[in-house]
Amino acid sequence: MAQELAPRNNALPTYLQDRARTERIGNIDRSDMVIPRIKLLSSVNSEPTDFENAKAGEFWHTSLNESLGKEIIGIPLIARKTYVLWAPRGDERQILARSRDGIKWDPPEGEFQVKFPKNPRTYTWRLKPTVAESRLDQFGTSRDDDPQSTPAATLTYEVLWMFPERMDLGASIILNSRGSVKAAQKLFSMIDAKPVDHFYQLYSIGVVLDKGPENTTYFNYQYKGLGYAEESDGEIARSLFMQYKDMAFRANDERVEDTPNGGGRASVHRDENTKF
């Protein structure tokens, strides 16, 4: 069990409240920063073992190592449609390639030999410059001898959020892939249906127990519209959107275990470059 420090008061002291930031620490800008993640914990994540305050089925802030409970209130800032080519579970290589814009692979070419648990065959995944050319986002590409096998590449939506009730969290990323892709797509539909820009919209980010394959269940994301942000919060969110919209930011602590109902089931009980 990781040793936890005593909690500290993060409120801005009175003597600092009239002192706006005037200096930077160096020649560092936001492109040098790794954005914190908020992830939905599952039984396969290490945090419930490493931290007493971490529980499966609750949200976790990866930089603060803090549980955020089962619901957080957020304003969406930026969304990106990406693809990740994960090595099969148990393969220490983890991420083999990535398409941050949803179009071009990085690296643009390559060939990977992969093996799946309890399967003696070795499969070859071949990259071409674009996702469309490689077709690794199509069913049947993870195992070429099974046309019903899942896509080799995982569709992943990265959404940058602001949390008006917890401004101390800063802008943070939520990743939706595999079993949580439909939840993100529903969110995008709700955003598109509103008559104002996304950074003036308010949403609840919650947890639902979803059905998985073979009579299993897993924790999944659930988004609900809460109307519109307060004017001051909306203007802060708009400012953050302008700062980040053309920036190649990235999330920290990305692992295959964090993909609901995919890299690992979130919780098993018997009975997966768009901008708004």
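Residues numbered from 1 in each chain as written. Predicted model: local features only at pLDDT ≥ 70, side-chain atom pairs only at ≥ 80, totals over all residues. Heavy atoms only, no water.

### With respect to the pattern of salt bridges
How we decide: We define a salt bridge as a contact between a side-chain nitrogen of Lys or Arg and a carboxyl oxygen of Asp or Glu at a distance within 4 Å. Only protein chains enter the accessibility calculation, which uses a 1.4 Å probe; a residue whose area is less than 20% of its type maximum is buried, one above 50% is exposed, and one in between is partly exposed.
Summed over the entire model, instances satisfying the criterion amount to nine salt bridges. Here Lys-39 makes a salt bridge to Glu-47, at a shortest N to O gap of 2.8 Å. The pair formed by Lys-39 and Glu-47 is uniform in burial state, with each residue classed as buried. Between Glu-111 and Arg-126 there is a salt bridge; the shortest N-O distance is 3.1 Å.

### Observations regarding helix α3 (residues 181–193)
Here is the rule we go by: For helices the rule is a DSSP run of H or I covering at least 4 residues; for strands it is a run of E covering at least 2, with both sets numbered from the N terminus onward. Multiplying 1.5 Å by the residue count of a helix minus one yields the expected span of that helix. Taken from the helix axis, the directions to the C-beta atoms give the arc we talk about. Any two residues whose heavy atoms approach within 4.5 Å are treated as being in contact.
In this model α3 runs 19 Å from its N-terminal to its C-terminal C-alpha over 13 residues, within 8% of the 18 Å that 1.5 Å per residue would give. Listed as buried for α3 are Val-181, Ala-183, Ala-184, Leu-187, Phe-188 and Ile-191. For α3, the arc enclosing every buried residue in end-on projection is 160°, short of the 170-degree limit, so these residues lie on one face. Exposed side of α3, more than 90 degrees from the buried face: Lys-182, Lys-186 and Ala-193 are the residues found there. Taken together, the buried residues of α3 touch β5 (71–86), β9 (153–162), β10 (172–177), β11 (201–211) and β12 (217–228).

### Brief notes about the packing of aromatic side chains
The condition is simple: The aromatic pairing rule takes the rings of Phe, Tyr and Trp, using the six-membered ring of Trp, and pairs them if the centres are within 6.5 Å, calling planes under 30 degrees apart stacked, those over 60 edge-to-face and the rest tilted.
On inspection of all chains with the given rule, the structure shows nine aromatic pairs. With 5.9 Å between their ring centres and 40° between their planes, Phe-59 and Tyr-221 make a pair best called tilted. Residue Phe-59 is found in strand β3 (residues 59–61), and its partner Tyr-221 is found in strand β12; the two are separated by 162 residues along the sequence. Residue Phe-59 is classed as buried on the basis of its relative accessible area, which comes to 0%. When the ring of Phe-199 is compared with that of Phe-241, the centres are 5.3 Å apart and the planes differ by 35°; the resulting orientation is tilted. Taken together, the positions of Phe-199 in the loop between α3 and β11 and Phe-241 in helix α4 (residues 231–244) put the pair 42 residues apart, joining distant regions of the chain. With respect to burial, Phe-199 and Phe-241 carry one shared label: buried.

### Some remarks on the pairing of β5
For the record, the criterion: DSSP-based pairing: two strands are paired if at least 2 bridges between them are found.
Of all 16 residues in β5, 14 are buried; the element is thus mostly enclosed. Where β5 and β11 come together, four bridges link them in antiparallel fashion. The partner of Ile-72 across the bridge, within β11, is Ile-205. Looking at chain direction, β5 and β9 are connected through 10 bridges and run antiparallel. Bridge pairing links Ile-75 to Met-162 in β9.

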